[in-house]
Amino acid sequence: MPLIYGGFGLVLLALWIFCLFDVIITAEQDCRNLPKGLWILVVLFLPEIGSILWLVAGRPQTVTRPGGLPYKGNTGRFPEYDRPGRFVPSNPDDDEEFLRRCRERAEEQRRAHHERQRQTREKNQDD
């Protein structure tokens, strides 16, 4: 009989730890019915009841995970063009500094390539 109670206790402990971490990693805007901080307190101080309440009333209904295959409808919570705070690249033709650096780099690569070719030719003539 003590083995059964011990196993049940381990299951409850695992449920409590799972729910506590789940509340912590859930985004604030995804929590239902209560603010995230209050859910943490409920699950932390009322382990069994709080865990069950979190699973039933607080956990997000749809779990959105980043990544996956976009053609299967898994585009994440925000479409890429609506993602808050993302860097919006400008048109390269409008950025003179970018074009100047591209030209300088291309010229540097051309010079290095011609220098390697010249060294290869000189090496082949010496042999």
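Residues numbered from 1 in each chain as written. Predicted model: local features only at pLDDT ≥ 70, side-chain atom pairs only at ≥ 80, totals over all residues. Heavy atoms only, no water.

Undergrad: Got a minute to help me understand the overall build of the chain in this structure?
TA: When you go through the chain residue by residue, the secondary structure sums to four helices and zero strands. Counting from the amino terminus, helix and strand elements in the chain follow one another as α-α-α-α. Classification of the 127 residues of the chain by burial places 13% in the buried group. Across the chain, the fraction of contacts at a sequence separation of at least 24, relative to all contacts at a separation of at least 6, is 48%. Total accessible area on the chain is roughly 10500 Å²; 61% of this is exposed by carbon and sulfur atoms. (Helix = DSSP H or I, 4+ residues; strand = E, 2+ residues; numbered from the N terminus. Buried < 20%, exposed > 50% of the residue type's maximum accessible area, 1.4 Å probe, protein only. Contact = heavy atoms within 4.5 Å. Areas by Shrake-Rupley, 256 points an atom, 1.4 Å probe, with all protein chains shown as cover.)

Undergrad: Is there a simple way to think about the nonpolar core in this case?
TA: As a rule of thumb, nonpolar side chains are buried together in soluble globular proteins. Grouped together as the largest cluster of nonpolar side chains are eight residues: Cys 19, Leu 20, Val 23, Cys 31, Trp 39, Val 42, Val 43 and Trp 54. Of all the elements in the fold, those that place two or more residues in this core are helix H1 (2–25) and helix H2 (36–45). Filtering out sequence-adjacent residues up to four positions away, Trp 39 remains in contact with Val 23, Cys 31, Arg 32, Asn 33, Leu 34, Leu 53, Trp 54, Ala 57 and Gly 58. (Core = buried A, V, L, I, M, F, W, Y, C linked by side-chain atoms within 4.5 Å.)

Undergrad: Just to check I follow, could you spell out the pattern of salt bridges for this structure?
TA: Note on pairing: side chains with opposite charge can pair once their charged atoms come close. Under the definition given, this model contains eight salt bridges. The salt bridge involving Glu 104 is made with Arg 100; its shortest N-O contact spans 2.5 Å. Here Arg 100 and Glu 104 lie together in helix H4 (residues 96–126), a separation of four residues that amounts to about one turn. Put simply, Glu 97, Arg 100, Arg 101 and Glu 104 are held in one network by salt bridges that share partners. (Salt bridge = Lys/Arg side-chain N within 4 Å of Asp/Glu carboxyl O.)

Take it as geometry only, folks, not as evidence of what the structure does.
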